[in-house]
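# Examination of the molecular architecture
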Amino acid sequence: MISLKRILWRLLAGLGVLWGAATLTFIAINITAGDTALAIVGGPDAMPTAEVLAQVRKEYGLDDPLLTQYGNYIARLAKGDLGESYRLRIPVLKAVTQQLGATVQLALSAGVLSIVLSVVIALLTARRAPWIRSIVSGAELTITSAPSFVIGILLLLLFSFYFHWFPASGSQGWRALVLPTIALALPVAGVLTQVLRQALEDVLEQPFILTARARGMSDAGVRLRHALRHALVPLVTLSGFVFASLLGGAVVVEMLFARQGVGRLMLDAANTKDVPIVLGITLLAAFIYVIVNIVVDILYGLIDPRVRAT
């Protein structure tokens, strides 16, 4: 098991990641073109007067130096205050939690599907005939290279518009989740399968595998009971980054399938210069990244006792 000392160091490093994410996003949002005060009052279509804009800047502290705005923001974060959405006029935490469920549902279903597919395919194809490897590797390369939105469009054309098996949009019911999950999971599964197959092939050449076979254990038993456990460490390592990145991929998939979720909220907030929402979602993504990597560290010791904490 990972030591408590290493977990504490991970938590400390995680705080640094959160601070860095908040700082970089704050800078990026504030140096982009556009008037935040104008976005607060409703955009250019609202046609506010100069007096109204001045009042808004004073009320939200937008007339303060950028360094002062940054300091005030970090101070609010330290108190757990993410601020209020300029556009929605509700607390950022409430706005995010309202959309978080749909995104978590999509990300988890895609993550589970990608891992299941990678384990099954890698177990079936590791150290098989070269022609099998060539076909599967070619398919994996094609799927991995294809963006999620391309896969999503093909799925829509085939299963929504031609066969009419699944709805083309929406977030209601399990049927509306099937195509977005597949579109998000397939590229990830392609990468994970390549990593896991290589690890399995390395393990299957180890002496203890030959010993297991000599005792009469079947090929399936050797792969499942011995090889898979030792090959899971690189898969778990990569899965941590995959789960953290699924939120980013959810932005495209949610827009393509017209689903509710944090991805659409983030895109709308960026377009309307809703700074508190953008910063809040960025911190959420960074927080998930930190937690996932701590969990991955803990799993090292559970999967392979040879992995020791330092």
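Note: the structure precedes this text.
One structure accompanies this document, and this report is about it. Here the structure is a predicted model, which means the values were calculated and not measured.

## Thoughts on the layout of surface pockets
In this structure, the second largest pocket spans a volume of roughly 290 Å³. What lines the second largest pocket is a set of 15 residues, and nearest its centre among them are Leu77, Leu82, Gly280, Leu283 and Leu284. Looking at the lining of the second largest pocket, the elements that each hand over two or more residues are α1 (4-31), α4 (66-78), α5 (92-125) and α12 (275-303). Residue composition of the lining of the second largest pocket, by class: twelve nonpolar, three polar and no charged.

## Quick notes on the packing of aromatic side chains
One pass over the structure, following the stated rule, counts six aromatic pairs. Their ring planes at 20° and their centres at 6.1 Å tell us that phenylalanine 26 and tyrosine 73 sit as a pair that is stacked. Within this pair, whereas phenylalanine 26 is found in helix α1, its partner tyrosine 73 is found in helix α4, the two being separated by 47 residues in sequence. Side by side, phenylalanine 26 and tyrosine 73 carry an identical accessibility label, which is buried. Each ring, one from phenylalanine 163 and one from tryptophan 165, has its centre 4.7 Å from the other, and the planes form 25°; the classification is stacked. Exposure remark for phenylalanine 163: the relative accessible area of 35% places this residue in the partly exposed category. With a relative accessible area of 47%, tryptophan 165 lands in the partly exposed category. Through pairs of rings, three or more aromatic residues link up here, namely Phe159, Tyr162, Phe163 and Trp165.

## Examining the nonpolar core
Of all hydrophobic cores here, the largest spans 26 residues; its most connected members are Tyr73, Val96, Ile277 and Ile281. If one sorts the elements of this core by residue count, α12 sits on top with seven residues. Once residues lying within four places of it in the same chain are set aside, the contact partners of valine 96 are Val262, Leu265, Ile281 and Leu284. Counting residues in hydrophobic clusters, the runner-up holds 20 residues, among them Ala110, Ala183, Ala185 and Leu192.

## Considerations on unusual backbone geometry
A positive phi angle is found at histidine 164, which is not glycine, with a value near 60°. Its location among the elements puts histidine 164 in the loop between α7 (148-162) and α8 (175-203).

## Observations regarding α7
Counted at 1.5 Å a residue, the expected span for α7 with its 15 residues is 21 Å, and the 20 Å between its end C-alpha atoms agrees. In the structure, α7 departs most strongly from a straight axis at leucine 156, where the bend amounts to approximately 30°. At the C-terminal side of α7, histidine 164 shows a positive phi close to 60°.

Basis of the calculations
- Per chain, residue numbering runs from 1 following the sequence as it is written.
- Totals for whole chains, interfaces and linings use every residue, but because this is a predicted model, local features are given only for residues with pLDDT of at least 70 and side-chain atom pairs only at 80 or more, for both listing and counting.
- Note: side-chain values were computed over all heavy atoms of the structure, leaving out hydrogens and water.
- Site definitions follow a grid-based scheme: protein atoms alone, a 1 Å grid, a 1.4 Å probe that fits but cannot get out for cavities, and for pockets an open set with protein on both sides within 12 Å along at least five of seven lines, plus lining residues having an atom within 4 Å of a point.
- Grid points are joined across faces, edges and corners, and a volume is the space filled by probe spheres set on the points.
- Where helices and strands are cited, they refer to DSSP runs of H or I of at least four residues and of E of at least two residues respectively, numbered from the N terminus.
- The residue classification treats Ala, Val, Leu, Ile, Met, Phe, Trp, Tyr, Cys and Pro as nonpolar and Asp, Glu, Lys and Arg as charged. All others, Gly included, are polar.
- In this scheme Phe, Tyr and Trp rings, the latter by its six-membered ring, pair at centre separations within 6.5 Å, and the angle between planes marks the pair as stacked below 30 degrees, edge-to-face above 60, and tilted otherwise.
- Only protein chains enter the accessibility calculation, which uses a 1.4 Å probe; a residue is then buried when its area is under 20% of its type maximum, exposed when over 50%, and partly exposed in between.
- Nonpolar cores were defined as sets of buried Ala, Val, Leu, Ile, Met, Phe, Trp, Tyr and Cys residues, with membership established by side-chain atoms within 4.5 Å.
- By definition, residues are in contact when any of their heavy atoms lie within 4.5 Å.
- Helix span, expected: 1.5 Å multiplied by one less than the number of residues in the helix.
- The bend at a residue is defined as the angle formed between two axes, one fitted to the seven residues ending at that residue and one fitted to the seven starting there.

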